[in-house]
Amino acid sequence: MDTPLYAMRLALDAAWEYQLLTFPNPAVGAVCIGPSGEILSVGAHKRAGGPHAEVYALRDAYTRLSGDTAIAASDDSALIHDHLRNHHNGLFKTVSMAVTLEPCSHTGKTPSCALLIRDLGIRHLYIASRDPNPAAAGGATLLNQAGVTCVFGMMEEEGAALIDPFVRWQNGPFVFFKWAQRLDGTLDGGTVSSRESRTHVHALRERCDLLVIGGSTVRSDRPTLDARLVGGKAPDVLIYSRRDDFDRSIPLFGVRGRNVYIESTLERIGGYSLVMIEGGAAMLEATAEVCDWHLCYIAPRTGGGTLGMGNVTEEFEVLRATISGDIVLWMKNKRKKPTS
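Residues numbered from 1 in each chain as written. Predicted model: local features only at pLDDT ≥ 70, side-chain atom pairs only at ≥ 80, totals over all residues. Heavy atoms only, no water.

Peer 1: Can you break down the pattern of salt bridges residue by residue, with the values?
Peer 2: Under the criterion given, the structure shown has 16 salt bridges. With a closest N to O distance of 2.7 Å, Arg85 and Asp119 form a salt bridge. Here Arg85, found in helix H3 (residues 77-87), pairs with Asp119, found in helix H4 (residues 113-120); they are 34 residues apart in sequence, far enough to count as distant. On the basis of relative accessibility, which here comes to 32%, the residue Asp119 falls in the partly exposed class. Each of Arg47, Glu206 and Arg207 takes part in one network of salt bridges that share partners. (Salt bridge = Lys/Arg side-chain N within 4 Å of Asp/Glu carboxyl O. Helix = DSSP H or I, 4+ residues; strand = E, 2+ residues; numbered from the N terminus. Buried < 20%, exposed > 50% of the residue type's maximum accessible area, 1.4 Å probe, protein only.)

Structure follows, in structure tokens:
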């Protein structure tokens, strides 16, 4: 078995679990590999401001190798950095790592991962993608200067796909379209997706700064469009409609701290960074040109509805497929221009 390649796959898998939930940071995964090729730990960046993927992986590898549980459950990045530096006792000299993104060189809300890797004595690092953010890039150069071998390009295409949203929102909004359907393609007739999928949607809403929805859906469904399942902040809402005849008692209008816009164009999207569009066939067709990705939850059942995507014709490239109660597909429209 090619252990570094297997480790990189594990790192990518871990990172995808938090795709977009790390906004405005990229989704990143990391794996520590032992001297005999054993997988010591798998880490992922979970939320902006929290420990980076490398820190979680190093924390768990340290706990396993040392038996010291002092930081085993810690999410305090500075505390983990300090404890590892002060107590590693050379444990990492025979450990290598696979990371989906070049370790950061700068100190921001959290300390530099590149400096931590250097100070722990790790000698081999496999990296899928270079950091496209000039403020954080240069970690590999720093490590090379310290004698660490950095190998770039392992699963490079997969690594680039993982950070595509991060690259896009450096210069403008990243926009994705979300819908849920049954195996027979129906979208209506009550709740479609599982509780787990709905919780995931609420977590995404909590990270988004704008949610776009069609006027007909607002009138018929009378939604709230908040993030209550995760106790999060609700995003602003753009109701895409030519008419402003909405019943203001519809719950979405009563959510505190949000702005609700009713407009007949999508121009407002340009003023935001992370935008989710929810809807059916009409919205899918109307927003095709502005969407970067599509996210679909497919419930493993049939019946209960009559409406589907109709005659809308699109062709998608599947970026990620997982099964978690529902089938979850992250996709990119093949007609969409690549990241500039």
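We are not done yet, so read on.
Peer 1: Tell me about the state of the cysteines, and please be specific about residues and values.
Peer 2: With the rule as written, the count across this model stands at zero disulfides. Of all cysteine sulfurs, the one in Cys113 lies closest to Cys104, which takes part in no disulfide; the gap is 3.9 Å. The class of Cys104 is buried, set by a relative accessible area of 7%. The cysteine Cys296 is free of any disulfide, with Cys291 supplying the nearest cysteine sulfur at 13 Å. (Disulfide = S-S within 2.5 Å.)

Peer 1: Report on the sheet that holds strand S5 (residues 149-152), specifying residues and quantitative values.
Peer 2: A sheet is described by the order of its strands in space; here five strands give the open sequence S2-S1-S3-S4-S5, paired in mixed fashion. At either end of the open sheet lies a strand with only one pairing partner, and these are strand S2 (39-44) and S5. Direction aside, neighbouring strands of the sheet carry axes that sit 15° apart on average. Pairing of strand S1 (residues 29-33) with strand S3 (residues 96-101), which is carried by four bridges, proceeds in the antiparallel orientation. Across the sheet, the residue bridging to Val31 is Ala98, located in S3. In this fold helix H2 (residues 53-66) packs onto S1, S2 and S3, with an angle of close to 150° to the strand it touches most, S2. (Pairing = 2+ DSSP bridges. Axes fitted to C-alpha atoms, helices over the stretch in contact; angles between N-to-C directions. Contact = heavy atoms within 4.5 Å.)

Peer 1: Give a detailed account of the packing of aromatic side chains, specifying residues and quantitative values.
Peer 2: By convention here, two paired aromatic rings are described through the distance between centres and the angle between planes. The tally for this structure, following the rule as stated, stands at 12 aromatic pairs. Aromatic side chains Phe174 and Trp293 sit 5.2 Å apart centroid to centroid with 85° between the ring planes, which places their arrangement in the edge-to-face category. Separated by 119 residues along the polypeptide, Phe174 in strand S6 (residues 174-182) and Trp293 in strand S11 (residues 293-299) bring together distant segments of the chain. Accessibility expressed as a relative area gives 1% for Trp293, which makes it buried. Note on Phe246 and Phe253: the rings are 6.5 Å apart at their centroids and 45° apart in plane angle, and the pair reads as tilted. Taking the relative accessible area as the measure of exposure, Phe246 reaches 7% and is therefore buried. Counting every residue linked through ring pairs, the aromatic cluster contains Trp16, Phe23, Phe166, Trp169, Phe174, Phe176, Trp293 and Trp330. (Phe/Tyr/Trp six-rings, centres within 6.5 Å; stacked < 30°, edge-to-face > 60°.)

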